[in-house]
Amino acid sequence: MNPTTHAIRVGLSRGWIEFTNSLRSPQDIGFYVFVALGTLLYLFLNRHDDWSGLPYPSVVLPSILGALIAFGAYIGPMYSLAIEREDGTLLRAKAVPGGMTGYVAGQALFQCLGALPLLVVIVVPSLFLFEVLAERGTVAWLIVIGIAALGLLAVLPIGMIVGSLIKGPNKIGTWGMLPMIVMFGTSGIFYPVQELWGWVQAIVQVLPVYWLGLGMRSALLPADAAAAELGGSWRIWEMVGVLGLWAVVGLVIAPVVLRRVARRLSGSAVEAGRHEAMQRLQ
Amino acid sequence: MTHAGEDTVIDVRDLRMTYGTNEVLAGVDFSARRGEVLVLLGPNGAGKTTTIEILEGFRKRSAGQVSVLGVDPVMGGEGWRARTGVVLQSWRDHARWKVRTLLANLGRYYEPYSTPKRSRPYDVDKLIEMVGLNEQATAKISTLSGGQRRRLDVAIGIVGRPELLFLDEPTAGFDPHARREFHDLVHRLSDLEETTILLTTHDLDEAEKLADRVLILAGGRIVADGSADELTRNVTREAQVRWSRNGQRYVHATADATTFVRELFAQHGDEIADLEIQRATLEDTYMAMVHRHESGHPDDAADAFVSLEASDR
């Protein structure tokens, strides 16, 4: 039995257990429901608006799906890493053979699975509330899943890298949320990206969030809605290219950064983190 | 005693560790043989944890030679890792997991490293029984008490049936009962499994009970290395004899308590009551060693025990 593939297998079952633990956690369920209700309420209140000739919810929902996937894939591993480095989870992984490999595999699976409940609690009610979405067929939803997977691969490593670099969970607000809010605000989710300044448009098109939203719209909107996009097209290849590039670069860099973090782990480092956290609580 | 051979599990020579300008370890030497239980004592800040972390491969040393299971820990791969066990001072990790689920999952990492001589990992249920967590097997880890949590840490440390086990203050927070059970477990591991154990503690009574050999680390060096018995005898061979006669209490310090007591009885016979002979404890020794070191005569302290290195253990 190959030790590395074995470690990955054990790590995947670890990820699955994390996922089932999460489904039993009132906190996590509360988070899903809160986000879903917020999203649905926002769409419902704006249901009579119109976006380039289409009902507002049907255009915005795909974008929001894309953004939520990006959000979860960015914040999720960041939180996990920042917390689990401090509470000793990562050190435990380091103390067993193949543990770090397993940890990363588990995290990847857990964060991917973690996107599912969020999608379900938003998409299922939407099908009943907003007619346009219900007209889309199975193929469209399969494409949604495909793009979601690609988007996760593109964003997960970024979350892992940032999570490895920030010191402690209390820094997540600064380094995690701020960039995310800026990215969300400018990614053409709440209003068309064309209305922003040119240089902002340029930056937005380098980041994965915009492309995830575009991909979701391309799957869920009628073909002629492409006219409302930049360049009047869904730019499928560009989307796959940009997301793919992020995924490849991230998957190359993330292990290097994680190894660096792992090297520095020790019992006394965890103890110091615990000490700091205790002081925060006081 | 520091001859690296087949049975040498740990061999440390002239280990040095410097943080900035602060020299924490200033040339540490010791070794451990298979199945030995080594207890590392020393005041806070003496470098016990640093030493253990270097041996665990979690920390890079500044200088010196270290061999653990025949490998330099810095180079230790996953195969080497599988032969060691580390009991961490855990805190709140895996709070949402259940005891059994976590042990089973962590245990699986050791499967590729199972050998005919040493099958890995332990059977989870047996392990849970060994550490006395039967009733908590399906409990969420966040619901465990401090002592139960610590027992889980020990279980995780030995789930891969390590040949060498590191324990950094394993019994902190244990009640007397849990402590006794833990001691039994340590004996069982070293006797039946031939597990070499290196542990740190502040509990000198515990050190006396568990240690085949005690190391005292002070001022960045090992200032004492020998069995608890050897150490105490080396600091003082005198015993305190207490008795009472006609309601009066007496104390006498003597190097030969047996002869003294025999003479005492020959002289006073039945009048002697409340007889008590007390030898120096490891605690006395420890205090004397650390005091000698801290009062600025560290070399005296170290020299006093050089002879122990060659003693006939």
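Residues numbered from 1 in each chain as written. Chains lettered and ligands numbered in written order. Predicted model: local features only at pLDDT ≥ 70, side-chain atom pairs only at ≥ 80, totals over all residues. Heavy atoms only, no water.

Got a sec to walk through the interface of chain A and chain B? Specific residues and values, please.
Listed per partner, the contact involves 41 residues of chain A and 30 residues of chain B. Carbon and sulfur atoms make up 57% of the area that chain A and chain B hide from each other, which totals about 3,100 Å². In terms of surface lost to chain B, no three residues of chain A exceed D87, R92 and P97 of chain A, which account for 24% of the buried area on that side. Counting across the interface, chain A meets chain B through three salt bridges. R92 of chain A is the salt-bridge partner of D93 of chain B, the closest N and O atoms lying 2.7 Å from each other. (Contact = heavy atoms within 4.5 Å. Buried area = accessible area lost by both parts, 1.4 Å probe. Salt bridge = Lys/Arg side-chain N within 4 Å of Asp/Glu carboxyl O.)

How would you sum up the domain arrangement of chain B? Please name residues and give values.
Structurally, chain B comprises domain 1 (8-232 + 283-309) and domain 2 (237-279). In this structure, domain 1 of chain B and domain 2 of chain B have C-alpha centres spaced 41 Å apart. (Domains from an automatic or database assignment.)

Would you mind going over the packing of helix α8 (residues 228-235) of chain B against helix α10 (residues 282-294) of chain B in detail, with residue names and values included?
Residues and elements named next belong to chain B. Direction vectors running N to C along α8 and α10 enclose 60°, while the axes themselves pass 9 Å from each other. On the basis of the axis angle, α8 is oblique to α10. α8 and α10 meet at a crossing whose hand is left-handed. Along the contact surface, α8 presents A228, L231, T232 and V235, while α10 presents L282, T285, A288, M289 and R292. Of the residues that constitute the contact of α8 with α10, the class distribution is six nonpolar, two polar and one charged. (Axes fitted to C-alpha atoms, helices over the stretch in contact; angles between N-to-C directions. Helix = DSSP H or I, 4+ residues; strand = E, 2+ residues; numbered from the N terminus. Parallel < 35°, antiparallel > 145°, perpendicular 65-115°, else oblique. Left-handed = near helix turned anticlockwise from the far one by under 90°. Nonpolar A, V, L, I, M, F, W, Y, C, P; charged D, E, K, R; others polar.)

Describe in detail the sheet that holds strand β7 (residues 196-200) of chain B, supporting the description with residues and values.
Residues and elements named next belong to chain B. The six strands are arranged β5-β6-β7-β3-β8-β9 in an open sheet whose pairing can be described as mixed. Two strands close off the open sheet at either side, each with one partner strand: β5 (84-87) and β9 (221-226). Direction aside, neighbouring strands of the sheet carry axes that sit 15° apart on average. Running over the sheet, helix α1 (residues 48-56) touches β3 (37-41), β5, β6 (164-168), β7 and β8 (213-218) and is turned about 150° from β6. The strands touched by α10 within the sheet are β3, β8 and β9, with β8 carrying the most contacts at an inclination of about 25°. (Pairing = 2+ DSSP bridges.)

An account of the pattern of salt bridges is needed here, citing residue identities and associated values.
Residue and element names in this part refer to chain B. Counting across every chain of the model gives 26 salt bridges over all chains. Put simply, E271 and R245 hold a salt bridge, and the shortest N to O gap is 3.3 Å. Here E271 is found in the loop between α9 (257-268) and β12 (272-279), whereas its partner R245 is found in strand β10 (residues 239-245), with 26 residues between them in sequence. Of the residues examined, E271 reaches a relative accessible area of 39% and is grouped as partly exposed. (Buried < 20%, exposed > 50% of the residue type's maximum accessible area, 1.4 Å probe, protein only.)

Please give an account of the sheet that holds strand β11 (residues 248-254) of chain B that cites residues and values.
Residues and elements named next belong to chain B. The antiparallel open sheet is built from three strands, whose spatial order is β11-β10-β12. The open sheet is flanked by β11 and β12, the only strands paired with a single partner. Shown here is a sheet whose adjacent strand axes are inclined to one another by a mean of 15°, direction ignored. Bridge count for β10 against β12 is six bridges, and the pairing is antiparallel. Opposite V241, over in β12, you have I277 as the bridge partner.

Before we move on, could you go through the pairing of strand β2 (residues 22-33) of chain B and cite the residues and values that matter?
Residue and element names in this part refer to chain B. One ladder, built from nine bridges, connects strand β1 (residues 8-19) with β2; its direction is antiparallel. Residue pairing across strands places Y19 opposite N22, the latter belonging to β2. The hairpin formed by β1 and β2 contains two residues between the paired strands, and G20 there has a positive phi angle of roughly 60°.

Give a detailed account of the packing of helix α1 (residues 3-23) of chain A against helix α5 (residues 99-129) of chain A, specifying residues and quantitative values.
Residue and element names in this part refer to chain A. Packing of α1 against α5 leaves a shortest axis separation of 7 Å and a crossing angle of 35°. Both α1 and α5 take part in a crossing whose hand is right-handed. Contacts from T4, A7, I8, G11, L12, R14, G15, W16, E18, F19, S22 and L23 of α1 reach α5 at T101, G102, Y103, A105, G106, L109, F110, L113, G114 and P117. For the contact of α1 with α5, the per-class residue count stands at 12 nonpolar, eight polar and two charged.

How would you sum up the side chain of S80 of chain A? Please name residues and give values.
Residues and elements named next belong to chain A. Mapped onto the elements of the fold, S80 is located in helix α3 (residues 56-87). Taking the relative accessible area as the measure of exposure, S80 reaches 12% and is therefore buried. Polar side-chain contacts of S80 include one of 3.3 Å to the side chain of Q111. (Polar contact = N/O pair within 3.5 Å; in protein donor to acceptor, adjacent residues only side chain to side chain.)

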